[in-house]
Structure formats: structure tokens, C-alpha cells
Amino acid sequence: MGKPELHATRKSRHESGPAFQKCINPLCGATFDVSEVLTSCHRCGDLLDVEYDWDRVEVPAKLEEFERFWTQRHDPLRFSGVWRFQELIPFAPAEMLVTVGEGQTLCQRADSVADYVGVQPGNLYLQYEGMNPSGSFKDNGMCAAFSHARLTGAKRAACASTGNTSASLAMYSAVTRLLKAIIFIGSGKIAYGKLSQALEYGALTVQIAGDFDDAMQRVREVAKDLGIYLVNSINPFRLEGQKSVMFRVLEALRWEVPDWIVVPGGNLGNSSAFGKAFAELHHLGLIDRIPRLAVINAAGADTLYQLFQRRGVRWNGGQPDRTTIADYYQEMDQRNLRADTIASAIEINRPVNLMKCLRALEVCDGVVRKVTDQEILDAKAQVGSGGIGCEPASAASVAGARLLREEGVIDPAERVVCILTGHQLKDPTATVAYHTTDQDLFDEVLGQRGVRRASFANRAVAVPNELDAIIRAIQLYS
Ligand SMILES: *Cc1c(COP(=O)(O)O)cnc(C)c1O
Ligand SMILES: [Zn+2]
């Protein structure tokens, strides 16, 4: 049996194009066809990559050549901020690609934030991923996961989510009608903006009495038992779509590579995808240097920081120190340590893409930092006061850049891009509590998390319902 089957697999890979799935563990290196639905290596259990025989892909010789597709914006695939780079994400034929118009984002020069971070004016850019159709960067990956799901003929898709993955899944499901959406959420830890999306878009919503890490474990079991397509970021196809965030950053900077990419770290899908994007661009000769990567944890969910910065765990050519990792996870269990931060999108203690992120940190000569909820909210207020705004998790990038600047790791003359992962309106509770005059609200939402002050609060001015008093107040404060 073995031989003909092997032959058949190889043949079908070639028939289906240049892409295949490959185990990230170099000692294993097992490969699988793109048509297979897998969330881990069959042989060793490690994560999978989507890889390509680049010799068989027609990639533009220079990144500038992608600009010619701007004139084809009437074509939904070239309008998409993901698929207009489809030559760099070539795992499916064009007729299988799914788009709802994702990736129309902005990379904005933000001098007020540059000032706050401590770099020179013109050196701080905010990549606004909150402008995606479901309001977070997750859409970049979801369109790719849906394309793969369509390729495999899946009928139902599921995810565990701190909110934005479920909002994105529910949206793609509602718009495309390709898959029925099932979302798993933990109890009490989801921002209302995100939950309201999943409910309104009609996803089957399963609320588990547990936190995100519990929901993640359950959804993997359920997906396996029922054969449901999993769209969490253990899905390697999702990360392929998320590479496009970096393509658009380069595009916005007229193809000049910045010095730093700073990104919040939760499940570490983004950081992993960014590292892969730069490794591939470099391999293809499309960029001549790779930016440094800073991954920012919340202090209340700092597994990557603990492992990478404190315990020195490194990718190490694909042989990271697994004992140290296992010991740390055991220690978390023994202390019953639960992730806790106002930045709910990164409130994760067992990041599923840990190994890939270690690899990205090596590719990009990266660093990891953690920032407190106080620092996150102050940075968020600074971003918001410059306009557009972001949700708390996103502001971890700006708080992290400021910290790295203070430490002297980032130089004032360096060009820094902070990724704002989600829209401001995703979590209005945190914003209102920060700017409130109601001490009880402040204490309930922020005070109990160790936030002591709202350094940049813009408080409402209370006045009696009298014209004179209103006029006096306006003259006093404006
Ligand atoms: C999902 C999410 C994150 C975390 O991203 P990872 O890729 O899981 O590290 C950060 N911010 C927001 C707004 C998110 O939705
Ligand atoms: Zn393997």
C-alpha cells in the first residue's frame, strides 16, 4: 500500500499547485498536501507551516511591481488588501479565494504619538488594522482560512475567541454563506463590541464556564470529534493571510523597510506571520534587510516574556528548550495562574503559536517586553487623542515602543511601526471608565486591575441645565 499512496500524494501536491503544508520541527519535516485539514503535524504534533515551491510561482521581481494592480481595483481580489498580494500567498487558485473587501487599512504617520514614545517626528507610524470590515486584523487571516476551507469543501467552521476572531468568523460566514459559524467564548471576559458582532451576524455562540485557554482546548476537541474546520491561528492558512499586514506596511512606506515592527502578543499568530513574511521576502530577494520585531505582552499575560526574556528560551534552529517551557507551564498550573489584563484580546497564558513566534524572533532579531494595564491605557489615550483610536490590546504596542525607547533599545532616529490590531469601538467600557468622573465605575473596571490614575483623561464637564452656567463652563474650559 505504502508506495502507490506516497506516489499519489506527491502527484496531487503538484496538481494542486506550488503549496504544501510542512511541520515546523526540522527534525520531523513531514509534509502534507494543501487539501488536508490539519491543525498539527500527524507525525509529531508540532505546528504546521504553509510552504511553497517558489520556483513554481510567478512572483514579481520587485515589490514596486505590485503597484500595477492598483489600476485593477474593480476586481474584488485586487481590491482586497490581502489578495492584491496573492503572488506572495499562492496556496489556492484565484477562483477559490474569498474576500469581503478586507485590508483597506491606513499606515499613518503620527507625530503626537512619536512625541509620547520618544522618537523623532516622522519616525512613528500607526498601522490601523481596526479599519478592517469586522474591526480587527483578524480579517486578514479569516479570508485566507475561508479560502482554504472552501478548497477542502468544509461546511462548518469553529473558533475559540477572546472576541475578535469570533467577530471575524461570524462576519465572513454571514457575508459569504460558505460555512456555518460556531464560536466558543469564555465566561465574562469578552468585550461587548465583539460579542455584539458575533450575535448579530448570527453565529452559533457557545459560552463555556471557563477562560480563553479552556475554550481553546475544548474547541480543538470538538473540531476533531465533529470534523469542524478550525479557524484559530493554529490554522496555518490564517497566518498566510496575516502576512499581508507587513506587505501593506512596506507599501505605505514606499517599499522602504522600517527599523522596528512593534506588535501586541496574544496567541502570537501575528508576530509569527510577520516573521514568516519577512523571511520569505528576504529569501525571494524582494527586501535586502529585515526589520527588528518587538512583541509586547500584557503584564497579566506574559508567558512569552517569561520564557524568552527571563528564561532565555530561543528557537535554537528548531530545537527550543522544551523542558523549560513545560516546567513553566506546570508552574503556572500549580500556582493556578490565570491570565488577567484589561487588554482582553491578549489575555492568554498558553499562546498556541509560541514555537513559530520564537522562530520569528530569531528571523527578526526580536525582543519581548511586558507592559502594565496602566501603561496600556495611558498609551491608548495618547493614540486616541491623535484621532482614530484603538482597543486596549492594540495600545500595548505603543506602550511597548515607549518602554523600549526609554531603555535605549529603540533609537530616536529609528523608524518604528506600531500595529494597532483592533478598533477603538470594540471595547468602549475601558475607554469610558478611563475618562469617567464616576469613581465607582473607574474602580470597578480599572481600579481592581491596579490602574491608579487616568493620566490623560478628558473628563466630561457637568453643568446644571441653565444657559448661563453652560456658557460660563464653555468659556472657562475652551
Ligand atoms: C487577536 C488579537 C490580538 C492578539 O494577536 P495574536 O496574533 O493572537 O498575538 C491583539 N489585539 C487584538 C485587537 C486582537 O484581536
Ligand atoms: Zn512533525
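Residues numbered from 1 in each chain as written. Chains lettered and ligands numbered in written order. Predicted model: local features only at pLDDT ≥ 70, side-chain atom pairs only at ≥ 80, totals over all residues. Heavy atoms only, no water.

The next thing to look at is the coordination of the zinc ion (ligand 2). Octahedral metal centres with six donors ideally show angles of 90 or 180 degrees, and tetrahedral centres with four donors ideally show 109.5 degrees. Ligation of the zinc ion (ligand 2) by protein atoms is provided by Cys23 (SG), Cys28 (SG), Cys41 (SG) and Cys44 (SG), these donors lying 2.3 Å from the ion. Counting gaps between the donor residues of the zinc ion (ligand 2) yields the pattern C-x4-C-x12-C-x2-C. One end of the pair, cysteine 28, is in the loop between strand S1 (19-23) and strand S2 (31-33); the other, cysteine 41, is in the loop between S2 and strand S3 (48-52), and 13 residues separate them in sequence. Take cysteine 41: its relative accessible area is 3%, and that puts it in the buried class. (Donors = N, O, S within 2.8 Å, 3.2 Å for Na, K, Ca; no water. Helix = DSSP H or I, 4+ residues; strand = E, 2+ residues; numbered from the N terminus. Buried < 20%, exposed > 50% of the residue type's maximum accessible area, 1.4 Å probe, protein only.)

Under the criterion given, the structure shown has 8 aromatic pairs. Judged by centre distance (4.9 Å) and plane angle (65 degrees), the rings of phenylalanine 91 and phenylalanine 237 are edge-to-face. Of this pair, phenylalanine 91 sits in the loop between helix H2 (76-79) and strand S4 (106-109) while phenylalanine 237 sits in helix H8 (residues 236-242), placing them 146 residues apart in sequence. Taken together, the ring pairs connect Phe66, Phe69, Phe85 and Phe247 into an aromatic cluster. (Phe/Tyr/Trp six-rings, centres within 6.5 Å; stacked < 30°, edge-to-face > 60°.)

Core analysis: the biggest nonpolar cluster contains 103 residues, and Phe91 and Leu304 have the highest contact counts within it. With sequence-adjacent residues up to four places away left out, phenylalanine 91 is seen in contact with Ala19, Val34, Val50, Tyr52, Trp83, Ala144, Ser147, His148, Leu151, Phe237 and Glu240. Ala110, Val113, Val117 and Ile296 belong to the second-largest nonpolar core, a separate cluster that totals 35 residues. (Core = buried A, V, L, I, M, F, W, Y, C linked by side-chain atoms within 4.5 Å. Contact = heavy atoms within 4.5 Å.)

Before going further, it helps to examine helix H6 (residues 192-200). Listing the buried residues of H6 in full gives Gly193, Lys194, Leu195, Gln197 and Ala198. At its buried positions, H6 is contacted by helix H5 (164-176), strand S7 (180-185) and strand S8 (204-207). Glycine 202 sits one or two residues past H6 and shows a positive phi near 90 degrees.

Moving on, we come to the pattern of salt bridges. One pass over the structure, following the stated rule, counts 29 salt bridges. For arginine 289, the salt bridge is made with aspartate 259, and the minimal N-O distance between the two is 3.5 Å. Placement of the pair is arginine 289 in the loop between helix H10 (269-283) and strand S11 (292-298) and aspartate 259 in the loop between helix H9 (244-252) and strand S10 (260-264), with a sequence separation of 30 residues. Under the relative-accessibility criterion, aspartate 259 is labelled partly exposed at 22%. Put simply, glutamate 407 and arginine 369 hold a salt bridge, and the shortest N to O gap is 2.8 Å. Within this pair, whereas glutamate 407 is found in the loop between helix H15 (392-406) and strand S13 (416-420), its partner arginine 369 is found in strand S12 (residues 367-371), the two being separated by 38 residues in sequence. (Salt bridge = Lys/Arg side-chain N within 4 Å of Asp/Glu carboxyl O.)

This part covers the side chain of serine 161. By the secondary structure assignment, serine 161 is in strand S6 (residues 156-161). Here serine 161 falls in the buried class, since its relative accessible area comes to 4%. A distance of 3.3 Å separates the side chain of serine 161 from the backbone nitrogen of threonine 165, its partner in a polar contact. (Polar contact = N/O pair within 3.5 Å; in protein donor to acceptor, adjacent residues only side chain to side chain.)

With that settled, consider the sheet that holds S10. Strand order in this open sheet of 6 strands is S4-S5-S13-S10-S11-S12, and the pairing throughout is mixed. Strands with a single pairing partner mark the edges of an open sheet, and in this sheet they are S4 and S12. On average, each strand axis in the sheet is inclined to that of its neighbour by 25 degrees, with strand direction left out of account. As defined by bridge partners, S4 adjoins strand S5 (residues 124-128) across 4 bridges and the pair is classed as antiparallel. (Pairing = 2+ DSSP bridges. Axes fitted to C-alpha atoms, helices over the stretch in contact; angles between N-to-C directions.)

On to the sheet that holds strand S9 (residues 229-230), then. The sheet built from 4 strands is open, its strands ordered S8-S7-S6-S9 with parallel pairing. Pairing within the sheet leaves two strands with one partner each, and these edge strands are S8 and S9. Pairing geometry for S7 and S8, over 4 bridges, is parallel. Looking at S8, one finds that isoleucine 183 is bridged to threonine 205. Of the strands in this sheet, S6, S7 and S9 are in contact with helix H7 (residues 212-226), which crosses S6 at around 165 degrees.

Attention shifts here to the site of ligand 1. Lining the immediate environment of ligand 1, one finds 16 residues, of which Lys138, Asn164, Gly266, Asn267 and Thr421 sit closest. Backbone polar atom of asparagine 267 to an oxygen atom of ligand 1: 2.8 Å apart, as the coordinates give it. A distance of 3.1 Å is found between an oxygen atom of ligand 1 and a backbone nitrogen or oxygen belonging to glycine 269. In isolation ligand 1 exposes 380 Å². Once the protein is present, 97% of that is buried. Partitioned by chemical class, the residues of the shell around ligand 1 number 6 nonpolar, 8 polar and 2 charged. (Near = heavy atom within 4 Å. Areas by Shrake-Rupley, 256 points an atom, 1.4 Å probe, with all protein chains shown as cover. Nonpolar A, V, L, I, M, F, W, Y, C, P; charged D, E, K, R; others polar.)

Taken across its 5 residues, S10 has 5 buried, putting it largely inside the fold. Side chains of S10 alternate between two faces, with Trp260, Val262 and Pro264 and Ile261 and Val263 buried alike. Sheet topology note: the S10/S11 ladder contains 5 bridges and is parallel. Bridge pairing in S11 places tryptophan 260 opposite arginine 292. Following the chain from S10 across H10 to the adjacent parallel S11, one finds a crossover that is right-handed. As paired strands, S10 and S13 are joined by 3 bridges and run parallel to one another. Looking across to S13, one finds that tryptophan 260 is bridged to valine 416. (Right-handed = clockwise from strand over helix to strand, strands pointing away.)

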